[in-house]
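Each chain, written out:
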Amino acid sequence: MSAYTYQFVAPVLKRMMRQKTSEGKKLIVPMKRWNIIKGDMVEVNTGKEKGKRGIVKDVHRSRNAVIVEGLNLAKKHVKSTPDQKGGIFTKEMPIHYSNLQLIDPSTDKLCKVRRVFTENAENPAKPNKIRISRSTGTPIPKPEWKQTIRPKDGPLDTPSSVVLLRTYFQGRTV
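Report follows, based on the coordinates. (Residues numbered from 1 in each chain as written. Predicted model: local features only at pLDDT ≥ 70, side-chain atom pairs only at ≥ 80, totals over all residues. Heavy atoms only, no water.)

Here we look at the overall build of the chain
Each helix and strand in the chain was counted, giving two helices and 11 strands. In the chain, which comprises 174 residues, the share counted as buried stands at 20%. In the chain, 43% of the contacts between residues at least 6 apart in sequence involve partners at least 24 apart. Of the accessible surface of the chain, which amounts to about 14,400 Å², a share of 55% is contributed by carbon and sulfur atoms. (Helix = DSSP H or I, 4+ residues; strand = E, 2+ residues; numbered from the N terminus. Buried < 20%, exposed > 50% of the residue type's maximum accessible area, 1.4 Å probe, protein only. Contact = heavy atoms within 4.5 Å. Areas by Shrake-Rupley, 256 points an atom, 1.4 Å probe, with all protein chains shown as cover.)

Below, the structure is given as structure tokens:
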């Protein structure tokens, strides 16, 4: 975005961010480019957790928030139910994206990130995008994370054969 365009767009975006939705919550404008992904090592810049490091557990792109393992803990009071015992549990709460900074794995210091396109051997039409530390110029690899395996259907789950049945017919009664 050029500086000329930005002078007209910035006030509109600021006004939108100050507006509240019908539920009374602030309107959140999602960020376009994310340099932090699940499994990255990050450090907190501001707040009560300033200077602490952790691994990114989850990313909420629609809310511009990141959940970091072991940071920003809060107590949650849970009522007991017939199948679960209640009590006070600690839970990791989200931290805003702007309050985190990526750690360069080669120097183990904070770094800013830029993206570079490299050639893709399998598909030359679609180049690979890699993250590079601005301070050292070393590539920051994407962390490997295991995909969670969905548990088998339990006794209270609806069988897959029943899920696909059509149960509503418009305009006539069954």
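Next comes the rest of the account.
Re the sheet that holds strand β9 (residues 113–118)
One open sheet accounts for three strands, arranged β9-β10-β11; its pairing is antiparallel. Of all strands in the sheet, those with a lone pairing partner are β9 and β11 (139–140), marking the two edges. Note that strand β10 (residues 128–133) and β11 share two bridges and pair antiparallel. Directly across from Arg-131, in β11, lies its bridge partner Ile-140. (Pairing = 2+ DSSP bridges.)

Quick look at the nonpolar core
Of all hydrophobic cores here, the largest spans 16 residues; its most connected members are Ile-36, Val-42, Val-66, Val-68 and Leu-100. Of all the secondary-structure elements, those providing two or more residues to this core are β1 (41–44), β2 (53–60), β3 (65–68) and β7 (100–104). Apart from the residues lying within four places of it in its own chain, the contact partners of Val-42 are Ile-36, Lys-52, Arg-53, Gly-54, Val-56, Val-68, Leu-100, Gln-101, Leu-102 and Ile-103. (Core = buried A, V, L, I, M, F, W, Y, C linked by side-chain atoms within 4.5 Å.)

Observations regarding the sheet that holds β1
Taken together, six strands build an open sheet; the order of strands is β6-β3-β2-β1-β7-β8 and the sheet is antiparallel. On the outer flanks of this sheet lie β6 (95–96) and β8 (109–110), each paired with one strand and no other.

Looking at the side chain of Asn-72
As for its placement among the helices and strands, Asn-72 is situated in the loop between β3 and β4 (73–78). A distance of 3.0 Å separates a polar side-chain atom of Asn-72 from the backbone oxygen of Pro-94. If we ignore the near neighbours within four places in the chain, the residues touching Asn-72 are Lys-48, Glu-49, Lys-91, Glu-92, Met-93, Pro-94 and Ile-95. (Polar contact = N/O pair within 3.5 Å; in protein donor to acceptor, adjacent residues only side chain to side chain.)

A few points about unusual backbone geometry
The residue Asn-64 is not glycine, and still its phi comes out positive at about 55°. Its location among the elements puts Asn-64 in the loop between β2 and β3. Look at Asn-64 and you get buried, because its relative accessible area is 5%. Its identity as a non-glycine residue notwithstanding, Asn-72 has a phi of 55°, on the positive side.

Brief notes about the side chain of Asp-104
Take Asp-104: it is sitting in strand β7. Although Asp-104 is buried, it forms no salt bridge, and the closest oppositely charged side chain is Lys-109 at an N-O distance of 9.5 Å. Reaching out from Asp-104, the side chain makes a polar contact with the side chain of Thr-138 at a distance of 3.5 Å. Setting aside residues up to four positions removed in sequence, Asp-104 forms contacts with Lys-109, Cys-111, Ser-133, Ser-135, Thr-136 and Thr-138. (Lys, Arg positive; Asp, Glu negative; His and termini not counted. Salt bridge = Lys/Arg side-chain N within 4 Å of Asp/Glu carboxyl O.)

Topic: a positive patch on the surface
On the surface, a cluster of positive charge is contributed by Lys-32, Arg-33, Lys-129 and Lys-142. Of note, Arg-33 is situated in the loop between α1 (3–18) and β1. The exposed category is assigned to Arg-33, whose relative accessible area is 63%. (Patch = residues over 30% accessible without salt bridge, like charges linked within 9 Å, V, L, I, M, F, W, Y side chains within 5 Å. Charge placed at Lys NZ, Arg CZ, Asp CG, Glu CD.)

Considerations on the pattern of salt bridges
Throughout the structure, instances matching the rule amount to five salt bridges. Residue Asp-108 pairs with Arg-53 through a salt bridge whose shortest N-O separation is 3.1 Å. With Asp-108 in the loop between β7 and β8 and Arg-53 in strand β2, this residue pair connects regions lying 55 residues apart in the sequence. Judged by its relative accessible area of 33%, Arg-53 falls in the partly exposed class. Taken together, the salt bridges that share partners define one network made up of Glu-43, Arg-53 and Asp-108.

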